[in-house]
Amino acid sequence: MKFLLIMHMNPRLWDGLTEQRRQEVMAGHGDFMEAITKSGELVGTAALADPSESAVVSVRGGIPVVTDGPFLETKELFGGYYLVEVENRERALELAALIPDAHVDGMGIEVRPVVFAQ
């Protein structure tokens, strides 16, 4: 079963951490990636740029319309993900708990089953 482990980011919370704590979280991602690569559970991962660098494309009347910035105004943003292939939901939840962001007060990891992937 494939699961998307989605890291939600709150810039206000992140900026409130000490530099040392931020470095610990970032280093923890390296350890996590190494572990799930060795176990064969990592399918892919990506970290995303700040939403201020994004654009939203919609088509109205057959004409593409491009809007700068995120689609929704929110205090949290989609910061990145791990795509994993595991035996069951319980294992996906175990892996989510190992992601360093899950240990930061006010942050968490969304675990969502993948119903189609190519």
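Definitions and cut-offs
Residues numbered from 1 in each chain as written. Predicted model: local features only at pLDDT ≥ 70, side-chain atom pairs only at ≥ 80, totals over all residues. Heavy atoms only, no water. Salt bridge = Lys/Arg side-chain N within 4 Å of Asp/Glu carboxyl O. Helix = DSSP H or I, 4+ residues; strand = E, 2+ residues; numbered from the N terminus. Buried < 20%, exposed > 50% of the residue type's maximum accessible area, 1.4 Å probe, protein only. Phe/Tyr/Trp six-rings, centres within 6.5 Å; stacked < 30°, edge-to-face > 60°. Polar contact = N/O pair within 3.5 Å; in protein donor to acceptor, adjacent residues only side chain to side chain. Contact = heavy atoms within 4.5 Å. Pairing = 2+ DSSP bridges. Axes fitted to C-alpha atoms, helices over the stretch in contact; angles between N-to-C directions.

Engineer: I tried to follow the pattern of salt bridges on my own but got confused; where do I start?
Structural biologist: Pairing of side chains with opposite charge becomes possible as their charged atoms draw close. Enumeration over the complete set of coordinates arrives at 6 salt bridges. Between E41 and R91 there is a salt bridge; the shortest N-O distance is 2.9 Å. Taken as a pair, E41 in the loop between α2 (19-38) and β2 (42-47) and R91 in helix α3 (residues 89-98) lie far apart in primary sequence, 50 residues in all. Among the residues examined, E41 registers a relative accessible area of 11% and is labelled buried. The salt bridge partner of R112 is E110, with a shortest N-O separation of 2.4 Å. Salt bridges sharing partners connect three or more residues here, namely E41, R91 and E94.

Engineer: Help me understand the packing of aromatic side chains, please; the structure alone is not making it clear to me.
Structural biologist: The relative placement of two aromatic rings is captured by the distance of their centres and the angle of their planes. Scanning all chains against the criterion turns up 2 aromatic pairs. Judged by centre distance (4.9 Å) and plane angle (70°), the rings of F32 and Y82 are edge-to-face. Of this pair, F32 sits in helix α2 while Y82 sits in strand β5 (residues 77-85), and the two are 50 residues apart along the sequence. Y82 carries the same exposure label as F32, and that label is buried. For the ring pair F78 and Y81, a centre distance of 6.5 Å and an interplane angle of 15° mean the geometry is stacked.

Engineer: Looking at this model, I keep getting lost on the side chain of E41. Mind explaining?
Structural biologist: A polar contact is formed between the side chain of E41 and the side chain of S39, at a distance of 2.7 Å. Setting aside residues no more than four positions away along its own chain, E41 makes contact with I36, L83, V84, E85, V86, R91 and L95.

Engineer: Would you explain the sheet that holds β2 in this entry?
Structural biologist: Strand pairing in a sheet takes place through backbone hydrogen bonds and is either antiparallel or parallel in direction. Taken in spatial order, the 4 strands of this open sheet run β2-β5-β1-β6, and their pairing is antiparallel. Either end of the sheet is taken by a strand with one partner, and the two such strands are β2 and β6 (109-113). Each strand of the sheet is rotated relative to its neighbour by a mean of 20°, with strand direction disregarded. With 5 bridges joining them, β2 and β5 adopt antiparallel strand pairing. Within the sheet, the bridge partner assigned to A47 lies in β5 and is G80.

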